Each structure stands twice: as structure tokens, then as C-alpha cells.
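Remarks on the overall topology
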Amino acid sequence: MTLRKKIFLLILASIVLFSGSLLFFSRIQLRQNTLMISSATEQQGIIIENAIYERSHDLQQIVTDYTNWDDIIPHLKTADNNWATDNIATIINSFGLQAVSVFNLNEKMVYGFGISPNEMLGSPKEQKEIIEKIRKNGFVHFFRMTANGIMEISAASIHPTLDTARQTSGNGFFFVSKLWNKKFLDELSKITGSNITLENAGYKVANSTESHTLRTAILIKDQNNLPLCTFVFENP
């Protein structure tokens, strides 16, 4: 073998070795980037879910507090609007609610305050189905699509103060709602450091190593536990 051929083979071997090393390290880098994106997406998802949970939990806590309350029970059979204005209507401004409504056991609204307090239950058929769920489970929590935006609703059956386990029969039904309007979403956007958009229920997000943003999808459900829509949180 001539010297020229030896040099050629040496150069060729060096090129092959260099290319193989480059491919190997590229795959390692790609795997590391994928793991970093996965970890960052998971952490961002936790931040978003905690922010949403905190607000939803506040709504459910209001329902819990106001449905273990002796004073409300005598006022369910005969409406007392003066009492209700002083003791129920005030929570609209105190907690930034859209509406509050109280129903008796005959499924008739005894008190309603705020903006369209009966809107949160939809049609008479939907109202009956929702109240039936409360009779069975004690609590409900769901979302509705309205003309003003996405409405979050929490409700529960009403019981005496000492019946925190809710073992006695319910005396009525208490509903509260909060609107996920621009003000609410702007606050959520600030807390999570995200730009928030509303997409359809089947919308999927995909993060890649080529993208400089992280996108997280939060699916919300209606009173039948069916997908209603998807909020997409995008972090630059």
C-alpha cells in the first residue's frame, strides 16, 4: 500500500470517527433538551394547576361554610329578603362572585343575588339534573359556557351547623358562581407568567426542542363531567 493510500485511509477514518462522534453527542444533547423541556413543562403545569386550585378551592370553601349554617334553614321555607340581603347578598362583593342562589327542597329559587343568578343552572332540565347530583353526592363543581365568558360553579346541600359530615337530610341547595372574565384571566396570567388563550375541548399542545416557549393545556369540564373547553398557558 502506497503512502498516499495510507494517508487517504487515515483521513477517511478520521472523518468517519468525527461524524460518528458528532452524531452521538447530538443525540445526547437532544435527549438532554427533551428531558429539560419535559421537566420544565411539568413544573409549569404544577404552578398553573395550583393557581387554579387555589381559586376553585376558595369557591368551594364558601359553599362549605354557607351550607353548614343553622341560621339559613328557617329562611328557606318562607323567603325573608331583608335577612337574605344582609346575610347572603354581601358575599357577592366580599368574594368577587358573579352570583349566588339558594333553592328549597322543592327546587324553587328562594334567593338570588348578583348577575343572572339562575343562569348558572341553564335550562329547567339541566337544573333538575344538577340538583339531583347534589342530592346524591352532596357537592357539585363544574363550568358552563355563557355569553359573558366561562362560569365556574360550586354548590352543595344545606345542613345544620353541627352536621359537618352531612349525615342528615339536606334542607335546600346553595349555589355560587365566579366568571372567568378578562379581569380574572389577567390575574391568573400574571400569577403564572403565562399568556392565556381559549381553545376547543379537543385542543392538544406539543412542546419541542426547537420552540422557545412552553405551552400547557388545562381542560375544564361541564356538569356532566364532559370536556367543555381548553385553556392554553404559553410561557415565553
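Overview of the structure. (Residues numbered from 1 in each chain as written. Predicted model: local features only at pLDDT ≥ 70, side-chain atom pairs only at ≥ 80, totals over all residues. Heavy atoms only, no water.)

1. Regarding the nonpolar core
A general tendency of soluble globular proteins is for nonpolar side chains to be buried together. Counting residues in each nonpolar core, the largest one holds 23 residues, and the members touching the most others are I72, I88, F174 and V176. Ranked by residues supplied to this core, first place goes to helix α1 (residues 3-67) with four residues. With residues near it in sequence (within four places) discarded, I72 still touches Y66, W83, I88, V102, I158 and F174. (Core = buried A, V, L, I, M, F, W, Y, C linked by side-chain atoms within 4.5 Å. Buried < 20%, exposed > 50% of the residue type's maximum accessible area, 1.4 Å probe, protein only. Helix = DSSP H or I, 4+ residues; strand = E, 2+ residues; numbered from the N terminus. Contact = heavy atoms within 4.5 Å.)

2. With respect to the sheet that holds strand β8 (residues 227-235)
Ordered by their spatial adjacency, three strands build an open sheet running β6-β8-β7, and the pairing between neighbours is antiparallel. Lying at the two open borders of the sheet, with one neighbouring strand each, are β6 (195-199) and β7 (214-221). Along the sheet, successive strands turn relative to each other by an average axial angle of 25 degrees, direction set aside. (Pairing = 2+ DSSP bridges. Axes fitted to C-alpha atoms, helices over the stretch in contact; angles between N-to-C directions.)

3. So, the side chain of Q223
Inspection of the secondary structure puts Q223 in the loop between β7 and β8. For Q223, a relative accessible area of 13% gives the class buried. Not counting chain neighbours up to four residues away, the residues in contact with Q223 comprise E126, I130, K133, F142, F143 and R144.

4. Some details on unusual backbone geometry
Located in the positive-phi region is S116, a residue other than glycine, with phi close to 45 degrees. Along the chain, S116 falls in the loop between β2 (109-114) and α5 (124-137). S116 gets classed as partly exposed once you look at its relative accessible area, which sits at 36%. Look at N225: it is not a glycine, yet its phi comes out positive at around 65 degrees. Position of N225 relative to the elements: it lies in the loop between β7 and β8. Judged by relative accessible area, which is 54%, N225 ranks as exposed.

5. With respect to α5
The end-to-end C-alpha distance of α5, which contains 14 residues, comes to 20 Å, matching closely the 20 Å that a straight helix rising 1.5 Å per residue would cover. Turning to α5, its buried residues are Q127, I130, I131 and I134. Seen along its axis, α5 keeps its buried residues to an arc of 95 degrees; they face one direction. Exposed and oriented more than 90 degrees from the buried face of α5 are K125, K136 and N137. Once α5 finishes, G138 follows within two positions and takes phi at roughly 90 degrees, a positive value. (Expected span 1.5 Å × (residues − 1). Arc of directions from axis to C-beta.)

6. So, the packing of aromatic side chains
The full count for this structure, using the stated rule, is eight aromatic pairs. For the ring pair Y66 and F174, a centre distance of 5.7 Å and an interplane angle of 20 degrees mean the geometry is stacked. Taken together, the residues span a long stretch of sequence, with Y66 in helix α1 and F174 in strand β5 (residues 173-180) at a distance of 108 residues. An aromatic cluster is present here, built from Y66, W69, W83, Y111 and F174 joined pairwise through their rings. (Phe/Tyr/Trp six-rings, centres within 6.5 Å; stacked < 30°, edge-to-face > 60°.)

7. Concerning the pairing of β8
Strand direction decides the pairing type here: β6 and β8, joined by five bridges, are antiparallel. Bridge pairing in β8 links E199 to T230. Pairing analysis gives eight bridges linking β7 to β8, with the strands arranged antiparallel. Bridge pairing in β8 links R215 to E234. Linkage of β7 to β8, two consecutive antiparallel strands, is achieved through a turn of five residues, within which N225 is found at a positive phi near 65 degrees.

8. Describing helix α6 (residues 182-192)
Each α-helix turn comprises 3.6 residues. Residues three or four places apart therefore point the same way. What α6 keeps buried is the set F184, L185, L188, S189 and T192. Along the long axis of α6, the arc covered by the buried residues comes to 135 degrees, so they all point the same way. Across from the buried face of α6, at angles greater than 90 degrees, the exposed residues are K182, K183 and K190. Downstream of α6 by a residue or two, G193 has a phi angle that is positive, lying close to 65 degrees.

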